[in-house]
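Working through the structure, step by step
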Amino acid sequence: MQDRFDALRRDIEDRRAELIALTQALIRFPTINPPGEAYTPCAEFIGKRLAKLGAKVEYIRAHDTPGDSDAFPRTNIVARFEGSAPGPVVHFNGHIDVVEAGDGWTVDPFGGEVRDGRVYGRGACDMKGGIAASIIAAESYMRVVPDFRGAIEISGTVDEESGGFGGVAHLASLGYFSKPRVDHVIIPEPLNKDRVCLGHRGVWWAEVETFGTQAHGSMPFLGDCAVRHMGSVLDKFETDMFPSLAQKRTTMPVVPEGARQSTLNINSIHGGESEAGADGKPDDYDGLPSPNVPDHCRMIIDRRFLIEEDLATVKREVSDILDGLKHDREGFEYAIKDIMEVMPTMTERDAPVVKAVSDGIEAVLGKPAEYVVSPGTYDQKHVARIGHLHDCIAYGPGILDLAHMADEYVIIDDMVESAQVMAHAIDALLQGPIS
Ligand SMILES: [Zn+2]
């Protein structure tokens, strides 16, 4: 067995140049989301490479999901390598979409430049470096252990950055992330090469609206200001909600440490008439804003909750504040609407995929794996909720803090080492060759 591990590690090391070239090639597809550019050519690039090696390749377009159109089709690719005998199935899932480049780059964001042992580009870290590492890991594994049992799957999916509805959620609804098709899922998101990401906190997004009565701005006493009512909500958040959320600590090993508690962000507030022109574009109207007492004000809240909390209580904390104000404050009327709910998920430390990847980290890096939980969600939510598959983690080479930044990069040594860890994990999960 030691010989096999050595052979795997050597094979991956020998393919360093190929791993770099693959990462560069993936970065050069500007798969920016929104709107969802270049999804099809990127998916086909991955599909063609894997088909050449004998995979059964499927392209699955998520028709009628958000953003899907003939101009911007939501094209996913799933490749499956069948072993020489039935057995467990390991699936590597990577999202091919990236966020917009933004400003501040000193290199071409879609050039895939190599410098100082790093590959640069939008998505290098999140997560084309991880996709490339998983492809090389699987390819090396099949070269070294050609008579493996079970199956290895690799998918490239879309729209993770916008919720994953046309990507993993769509495939999961078609059974691609459920037993018996798949047993173990590894998502090579950038969580650092020595950390196993067990899951993520929960999310509740809601819209809170307050109401008032419109009047002339010179006589506000004739109306009732919806923005002031919203101000009273903010006041309660400051005095009651934020201090109480800071007290709610979790045993989930969330990184960074600051997220090891409940949090609430106010994503936006809009009150009164818009200062924009009639078509909603701010710059084609340069007149003065409307002189009215606003009769409505809308706030979007983003509450991140812990595995120790339940969603009903999370919601009640907000509605209790609103009901309290309705009781205490004259004229206070509100409405609240759910926008999104994601339950927290955390795979157990003794789950097979967690054990396989941690053993790989220990063997390759010579130190114990660190277990972490992501502050935000990623596609694991769909694998858990729609696919009902629990044996899923995120593990990949990128450095988490670099995701979505200018001059994003992935360290080449990290990709090589994490590919070696992934190959180890495949071996452990498929229980080696047929003897
Ligand atoms: Zn990502």
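Right above here is the structure, for reference.
About the cut-offs
Residues numbered from 1 in each chain as written. Predicted model: local features only at pLDDT ≥ 70, side-chain atom pairs only at ≥ 80, totals over all residues. Axes fitted to C-alpha atoms, helices over the stretch in contact; angles between N-to-C directions. Helix = DSSP H or I, 4+ residues; strand = E, 2+ residues; numbered from the N terminus. Parallel < 35°, antiparallel > 145°, perpendicular 65-115°, else oblique. Contact = placed C-beta atoms within 7 Å. Nonpolar A, V, L, I, M, F, W, Y, C, P; charged D, E, K, R; others polar. Expected span 1.5 Å × (residues − 1). Buried ≥ 20, exposed ≤ 12 C-beta atoms within 10 Å, placed from the backbone. Arc of directions from axis to C-beta. Pairing = 2+ DSSP bridges.

**Examining the packing of helix H2 (residues 16–27) against helix H10 (residues 412–430)**
Orientation of H2 relative to H10, taken along the N-to-C sense of each, is 110 degrees, at an axis distance of 10 Å. Considered as vectors, H2 and H10 are oriented roughly perpendicular to each other. Residues Arg16, Leu19, Ile20 and Thr23 of H2 lie in contact with H10, whose contacting residues are Ile412, Met415, Val416 and Ala419. Each residue belonging to the contact of H2 with H10 can be placed in one class, and the counts come to 6 nonpolar, 1 polar and 1 charged.

**Here's the deal with helix H1 (residues 2–14)**
For H1, built from 13 residues, the straight-helix expectation of 18 Å at 1.5 Å per residue is met to within 8% by its first-to-last C-alpha distance of 18 Å. The complete set of buried residues in H1 reads Leu8, Arg9 and Ile12. For H1, the angular spread of the buried residues around the axis is 95 degrees, confining them to a single face. Set apart from the buried face of H1 by more than 90 degrees, the exposed residues are Asp3, Asp6 and Asp14. Of the surrounding secondary structure, the elements contacted by the buried residues of H1 are helix H4 (124–144) and H10.

**Comments concerning the sheet that holds strand E16 (residues 409–411)**
If you trace the 3 strands from one edge of the open sheet to the other, you get E4-E5-E16, paired in antiparallel fashion. A single partner strand is all that each edge strand has here, and the edge strands are strand E4 (114–115) and E16. Across 2 bridges, E4 lies against strand E5 (residues 118–120) in antiparallel orientation. Its bridge partner being in E5, Val114 is matched across the sheet by Val119.

Everything listed here is a matter of geometry and, on its own, says nothing about what the molecule does.
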